[in-house]
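The primary structure of each chain is shown beneath.
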Amino acid sequence: MQGSAKPVQGAQSIYRAFQLLDCVFDLPEGGTLAELCRKSGLNPSTAFRMLAVLENLGYVRKGDDDVYRPGFKPLLLTEKLLATLDVRAVAHPVLKDLSVQTKEVCHLVVRDGLEAVYIDKVEDNSQTIRMNSGVGKRVPLYCTAVGKVLLAGMDDHTLEKVLSRLELKRFTANTITSLKELREEIDQVRRNGFAFDRSEYEDLVKCVAAPVYDAHHTVKAAISISVPVIRFPPEREPQLIDLLLSSCKKISRLLGDSRS
């Protein structure tokens, strides 16, 4: 059985059904009943009954090849969840304008534990080179521009707790793998008000990000502009930074931040 959460007494069946659903989503090409049983630890009869219920509810799909794949119901739930995020509703028009002005991909990101999560993305369709990103994608905090912004927005106590839990895995030759270097980078982000990712998470991609504040002047989210290195010469940095900061201030004001 996957996962470490302890099921509530009397709700083991519900817990197992969700664990089984996780297994379906963990297999990129889907899985047969036998594969899902091996992965979940459930016996075939129990797994079969649960999968039948999940299929009836739209959470999984069973193909003609007897392979179970994710259903479409989670997409509807995701849309409902995202619709409740005020920052996304407020930021989207501004994010769209920023993408039009820069002709680049723009993201809105929030923190979830030790990762950043994309909750909105606007992409300029005129560009032939596209970014490998999407709503719901999770990325590290320490080697992405949005992640550095979110780290810089923490109070010192929270920051140190988060830093102590980070595993600084190398993704590219430019990835920061030293806590000392990361702390220096965070200090610089706090001074400048924006952060760079110079191909630290993905080769040949650079990003610049800045914070979005709520009514309490607390960092609520981060916005980034992601650009292939061939379209991001040093002389373009000031223009992108100005447009980014202007957009972030506009969203922060709409969220009630009087200091922006």
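Keep in mind that this is a model prediction, so the values were computed, not measured. (Residues numbered from 1 in each chain as written. Predicted model: local features only at pLDDT ≥ 70, side-chain atom pairs only at ≥ 80, totals over all residues. Heavy atoms only, no water.)

Participant: Please explain the overall build of the chain as it appears in this structure.
Facilitator: When helices and strands are counted, the chain shows nine helices and eight strands. Its C-alpha atoms put the chain at 60 × 40 × 40 Å along the principal axes. Of all 260 residues assigned to the chain, the portion counted as buried reaches 44%. Long-range pairs, those at least 24 residues apart, make up 55% of the contacts in the chain between residues at least 6 apart in sequence. Accessible area for the chain stands at about 14,200 Å²; split by element, carbon and sulfur atoms hold 52% of it. With 36 positive and 34 negative side-chain charges, the chain shows a separation of 3 Å between the mean positions of the two kinds. (Helix = DSSP H or I, 4+ residues; strand = E, 2+ residues; numbered from the N terminus. Buried < 20%, exposed > 50% of the residue type's maximum accessible area, 1.4 Å probe, protein only. Contact = heavy atoms within 4.5 Å. Areas by Shrake-Rupley, 256 points an atom, 1.4 Å probe, with all protein chains shown as cover. Lys, Arg positive; Asp, Glu negative; His and termini not counted. Charge placed at Lys NZ, Arg CZ, Asp CG, Glu CD.)

Participant: Could you clarify how one ought to interpret the packing of helix 2 (residues 33-40) against helix 3 (residues 44-57) in this entry?
Facilitator: The angle between the axes and the distance between the axes are what describe a pair of packed helices. In contact at an axis separation of 10 Å, helix 2 and helix 3 are set at 110° when each is read in the N-to-C sense. When the axes of helix 2 and helix 3 are compared, the pair comes out roughly perpendicular. Across the interface between the two elements, Leu33, Leu36 and Cys37 from helix 2 touch Pro44, Ala47, Phe48 and Leu51 from helix 3. A class-by-class count of the residues in the contact of helix 2 with helix 3 yields seven nonpolar, no polar and no charged. (Axes fitted to C-alpha atoms, helices over the stretch in contact; angles between N-to-C directions. Parallel < 35°, antiparallel > 145°, perpendicular 65-115°, else oblique. Nonpolar A, V, L, I, M, F, W, Y, C, P; charged D, E, K, R; others polar.)

Participant: Explain the confidence of the model for the chain to me, please; I cannot follow it from the model alone.
Facilitator: Keep in mind that low pLDDT regions are not for reading the predicted coordinates in detail. With 90% of its residues at a pLDDT of 70 or more, the chain has an overall mean of 89. At the low end of the mean pLDDT range in the chain sits helix 4 (residues 73-83), at 72; at the high end sits helix 6 (residues 145-152), at 97. (pLDDT = per-residue confidence, 0-100.)

Participant: Would you mind showing me how to read the sheet that holds strand 3 (residues 105-112) here?
Facilitator: Strand pairs in the sheet, formed through backbone hydrogen bonds, run parallel or antiparallel to each other. Spatially, 5-4-3-8-7-6 is the arrangement adopted by the six strands of the open sheet, whose pairing is antiparallel. Here the strands that pair on one side only, and so sit at the sheet edges, are strand 5 (138-140) and strand 6 (195-198). On average, adjacent strands in this sheet sit at an angle of 35° to one another, irrespective of strand direction. Two elements, strand 7 (residues 205-213) and strand 8 (residues 219-228), share nine bridges in a ladder whose sense is antiparallel. (Pairing = 2+ DSSP bridges.)

Participant: Explain the nonpolar core to me, please; I cannot follow it from the model alone.
Facilitator: Core analysis: the biggest nonpolar cluster contains 30 residues, and Ala116, Val146, Leu150, Leu151, Leu166, Leu182 and Ile186 have the highest contact counts within it. No other element matches helix 6, which puts six residues into this core. Setting aside chain neighbours within four positions, we find Ala116 in contact with Val109, Val110, Arg111, Lys137, Arg138, Val139, Leu141, Val146 and Leu150. Among the nonpolar cores identified, the runner-up in size contains 26 residues, and Ile223, Val227, Leu240 and Leu244 belong to it. (Core = buried A, V, L, I, M, F, W, Y, C linked by side-chain atoms within 4.5 Å.)

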